[in-house]
Amino acid sequence: MMKKILLMHGANLNFLGKRNPEHYGNLTLSDLEKIVTKEALKFNFDIINYQSNHEGNLIDALQEHASNCAGIIINPGAFSHYSYALHDALLDTNLPVVEVHLSKVTGREIWRRTSVIEPACIHVIEGKKENGYKEAIKVISEYLNK
Ligand code: DQA
């Protein structure tokens, strides 16, 4: 059976395609999920997609899916900057987590430059739009093959 990666998106990312293209590109979330699923197949991973605008739902989904997954790719949206609860939930999965941001968060507003989930992650990728997610798969694959 193929190993699974949980691809998780947080607040407002269901609106990709309608949000500022300069920061977030033109792809919809569904386009993005298809690209990541295709890339993951090359590395023999299945993708489980999950998006929610609600912090508690993200935590519930982590608790539900983590035991069936080999890794997590997460773009929590603005939750990245203040959700200690999400940090703890990610840590409790004991899985390799890669944090991805479509935009270059460290070059934007000061409040975006802090990620409170970063300490629960093995790697952070920003500002590479959809390519950041492709890189995240490679990072998880290499981590698991170490
Ligand atoms: C984002 C960056 C966050 O600061 C923002 O709140 C988002 C998207 C990104 O992908 O660049 O919603 O995570």
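Scoring rules and cut-offs
- Residues numbered from 1 in each chain as written.
- Predicted model: local features only at pLDDT ≥ 70, side-chain atom pairs only at ≥ 80, totals over all residues.
- Heavy atoms only, no water.
- Disulfide = S-S within 2.5 Å.
- Buried < 20%, exposed > 50% of the residue type's maximum accessible area, 1.4 Å probe, protein only.
- Near = heavy atom within 4 Å.
- Polar contact = N/O pair within 3.5 Å; in protein donor to acceptor, adjacent residues only side chain to side chain.
- Areas by Shrake-Rupley, 256 points an atom, 1.4 Å probe, with all protein chains shown as cover.
- Salt bridge = Lys/Arg side-chain N within 4 Å of Asp/Glu carboxyl O.
- Axes fitted to C-alpha atoms, helices over the stretch in contact; angles between N-to-C directions.
- Helix = DSSP H or I, 4+ residues; strand = E, 2+ residues; numbered from the N terminus.
- Parallel < 35°, antiparallel > 145°, perpendicular 65-115°, else oblique.
- Contact = heavy atoms within 4.5 Å.
- Nonpolar A, V, L, I, M, F, W, Y, C, P; charged D, E, K, R; others polar.

1. Considerations on the state of the cysteines
- Summed over the entire model, instances satisfying the criterion amount to zero disulfides.
- Residue C69 stays outside any disulfide, its sulfur separated by 15 Å from that of C121, the closest cysteine.
- Residue C69 is classed as buried on the basis of its relative accessible area of 10%.
- Looking at C121, the relative accessible area reads 14%, which means it is buried.

2. Focus on the site of the ligand
- The ligand sits among A11, R19, Y24, N75, G77, A78, H81, H101, L102, S103, V105 and R112.
- Here an oxygen atom of the ligand and a side-chain polar atom of H101 are 2.8 Å apart.
- Separating an oxygen atom of the ligand from a side-chain N or O atom of S103 is a distance of 2.6 Å.
- In isolation the ligand offers 320 Å² of accessible surface; the protein chains occlude 98% of this area.

3. Quick notes on the pattern of salt bridges
- Across all of its chains, the model carries six salt bridges by this definition.
- Ionic pairing is found between R112 and E109, a salt bridge with its closest N-O pair at 2.7 Å.
- Judged by relative accessible area, R112 falls into the buried class, the value being 14%.

4. Quick look at the packing of helix α3 (residues 55–65) against helix α4 (residues 84–93)
- Close contact between α3 and α4 brings their axes to 10 Å; oriented N to C, the two are set at 5°. Our classification of the angle between α3 and α4 gives roughly parallel. Judged by residue contacts, E55, L58, I59 and L62 of α3 engage A85, L86, A89, L90 and T93 from α4.
- Among the residues forming the contact of α3 with α4, the class breakdown is seven nonpolar, one polar and one charged.

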